[in-house]
Amino acid sequence: MAKVIKSVESMMKLSDGFRKKGLSIGLVPTMGCLHKGHISLVKEAKKRNDIVVVSIFVNPTQFGPREDLKKYPRDMKRDLKLLSRYKVNAVFFPAAKEMYPNGYGADVEVKRLSDKLCGASRPGHFKGVTTIVAKLFNIVRPDNAYFGEKDFQQQVIIRKMVRDLNMGVKIISMPIVREKDGLAMSSRNTYLSNEDRIKALVINGSLKFAKMLVNSGVRSSVKIKAAMTKLMRTAKGLKIDYISICDPETLDEKSVIKGKTLIATAIYIGKTRLIDNIVVN
Ligand code: AMP
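These lines cover the structure that appears in this document, whether it is placed above or below. Every value quoted in this text rests on a predicted model; they were computed, and no experiment measured them. (Residues numbered from 1 in each chain as written. Predicted model: local features only at pLDDT ≥ 70, side-chain atom pairs only at ≥ 80, totals over all residues. Heavy atoms only, no water.)

**Here we look at the sheet that holds strand S8 (residues 261-269)**
Just so we agree on the cut-off: A pair of strands is treated as paired once DSSP finds two or more bridges between them. In DSSP terms, a helix is any run of H or I states spanning at least four residues, a strand is any run of E spanning at least two, and both are numbered starting from the N terminus. Convention adopted: a line fitted to C-alpha atoms gives each axis, helices being fitted over their contacting stretch, and angles between N-to-C directions are expressed from 0 to 180 degrees. We call two residues contacting when some pair of their heavy atoms lies within 4.5 Å.
If you trace the three strands from one edge of the open sheet to the other, you get S7-S8-S9, paired in antiparallel fashion. Each edge of the open sheet is held by one strand with a lone partner, namely strand S7 (238-246) and strand S9 (272-280). Each strand axis lies, on average, 15 degrees off the axis of its neighbour in the sheet, ignoring direction. Note: S7 against S8, eight bridges, orientation antiparallel. Along S8, the bridge assignment pairs cysteine 246 with leucine 262. Across the face of the sheet, helix H10 (residues 221-232) comes into contact with S7 and S8 while running at roughly 160 degrees to S7.

**Quick look at the site of the ligand**
Stated formally: Near is defined per residue: the residue qualifies when any heavy atom it owns lies within 4 Å of the molecule or strand. Throughout this description, a polar contact denotes any pair of N or O atoms lying within 3.5 Å of each other; where both atoms belong to protein, one of them has to be capable of donating a hydrogen while the other can accept it, and for residues adjacent in sequence the pair is counted only when both atoms sit in side chains. We get accessible surface area from the Shrake-Rupley algorithm with a probe of 1.4 Å; when it comes to residues, only the shown protein chains can shield them. Here the nonpolar group is Ala, Val, Leu, Ile, Met, Phe, Trp, Tyr, Cys and Pro; Asp, Glu, Lys and Arg are the charged ones; every other residue, Gly included, is treated as polar.
Residues in contact with the ligand amount to 17 residues; listed here are only the nearest, Met31, His38, Asp151, Val177 and Met185. Residue methionine 31 places a main-chain N or O atom 2.9 Å away from an oxygen atom belonging to the ligand. In isolation the ligand exposes 490 Å². Once the protein is present, 93% of that is buried. Residue assignment for the shell around the ligand shows that the elements contributing at least two residues are strand S2 (25-30), helix H2 (36-48) and strand S5 (144-148). Per-element tally for the shell around the ligand: the top contributor is H2, with three residues. A class-by-class count of the residues in the shell around the ligand yields nine nonpolar, six polar and two charged.

**What to know about the packing of helix H1 (residues 8-20) against helix H6 (residues 125-140)**
Spelled out, the test is: An angle counts as roughly parallel when it lies under 35 degrees, as roughly antiparallel when it exceeds 145, as roughly perpendicular when it falls between 65 and 115, and as oblique in every other case.
Between H1 and H6, whose axes approach to 7 Å, the crossing angle comes to 55 degrees. In terms of axis orientation, H1 runs oblique to H6. The segment H1 lies against H6, with Val8, Met11, Met12, Ser15 and Arg19 engaging Asn138, Ile139 and Val140. Residue composition of the contact of H1 with H6, grouped by class: five nonpolar, two polar and one charged.

**Details of the pattern of salt bridges**
So the rule is basically this: Take a side-chain nitrogen of Lys or Arg and a carboxyl oxygen of Asp or Glu: if they are within 4 Å of each other, that pair is a salt bridge. Exposure classes here rest on a 1.4 Å probe applied to the protein chains alone. A residue is buried below 20% of its type maximum, exposed above 50%, and partly exposed in between.
Within the structure shown, the criterion is met by 17 salt bridges. Note that glutamate 195 is salt-bridged to lysine 199, the shortest N-O span being 4.0 Å. Note that glutamate 195 and lysine 199 are positioned in helix H8 (residues 194-199) at a spacing of four residues, about one turn of the helix. Residue lysine 225 is joined to glutamate 253 by a salt bridge in which the shortest nitrogen-to-oxygen separation is 3.3 Å. One end of the pair, lysine 225, is in helix H10; the other, glutamate 253, is in the loop between S7 and S8, and 28 residues separate them in sequence. Looking at lysine 225, the relative accessible area reads 24%, which means it is partly exposed. Judged by relative accessible area, which is 45%, glutamate 253 ranks as partly exposed. A cluster of three or more residues bridged by salt bridges with shared partners is formed by Asp16, Arg19 and Arg141.

**Overview of the packing of aromatic side chains**
In plain terms, the rule: Stacked, edge-to-face and tilted are the three classes for Phe, Tyr and Trp ring pairs, Trp counted by its six-membered ring, which pair at centre distances within 6.5 Å; planes under 30 degrees apart are stacked, over 60 edge-to-face, the rest tilted. To sit over a ring, a charge needs its Lys NZ or Arg CZ within 6 Å of the ring centre and within 35 degrees of the ring normal.
All chains considered together, the criterion is met by three aromatic pairs. Their ring planes at 40 degrees and their centres at 6.3 Å tell us that phenylalanine 57 and tyrosine 100 sit as a pair that is tilted. Taken together, the residues phenylalanine 57 in the loop between strand S3 (51-56) and helix H3 (76-85) and tyrosine 100 in the loop between helix H4 (96-99) and helix H5 (118-121) connect sequence positions 43 residues apart. Geometrically, the ring pair formed by phenylalanine 63 and tyrosine 72 is edge-to-face, given 5.8 Å between the ring centres and 75 degrees between the ring planes. As far as the burial class goes, phenylalanine 63 and tyrosine 72 line up, both buried. The ring of tyrosine 191 is capped by lysine 71, whose NZ or CZ atom sits 4.5 Å from the centre of that ring. Positioned above the aromatic ring of tyrosine 100 is the side chain of lysine 135, whose terminal nitrogen or guanidinium carbon lies 5.8 Å from the ring centre.

In short, geometric facts, not functional conclusions.
The following block contains the structure:
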């Protein structure tokens, strides 16, 4: 079983020890309820670092007041069993009070990028993300940190935070891991009923359709969005939060598709919010 560390002090000491021995450290930050998407990050980290630390922390500051913090899926026993298979060196599993003790007052925020796409419908979400990731970087002090392109905007914002604040951590992004039928793996997929699970296929379906349209010469974002919307509307009860066609670095909307372009979407099926994206060139 991987070593579970619950206190910030012990984690810092352990990491210091590794560093003093000249060992490289890879960090994989997660909120637990691990699936193959998370494991792809762990595997890559194992390949490139002497030591791999996985953090499991359902970070309260990145959830809005009406979001699913309380019911977010948690399964530490299963997670630890899975991680021990990959010979992870340490699992950092702090309590909320350990990360945000009484009187806690510091925030890390990346302006502008944090207000777009998911940030527009989840105000404060990315401030919570950058704050916790900055704290994890300070505690673990990894050489490399691994993030999934499933949360495309998140890794863009973290890269910007690292650049702007001169944090000496290399950010590595890994491709989206999908179920066989194309649904992007997500801990939140566990919320879906069988019926909703089928409806959710339209998310990746519409992104693939968009890509096909781009490849066949359609350049108008309005047209692509209209085609995606029409397809998504075939799933009854599915609500589109946003469809964005934007620059993959600045996240600025593009009206004409030219060069590397991110097509990202967020939808609701009932109360479940799911995201997915595709990059077209
Ligand atoms: P989470 O536990 O949802 O906060 O995710 C932890 C990390 O795993 C983030 O960097 C996510 O982008 C990444 N991740 C989640 N789902 C996937 C997926 N299907 N494919 C690749 N990476 C993923």
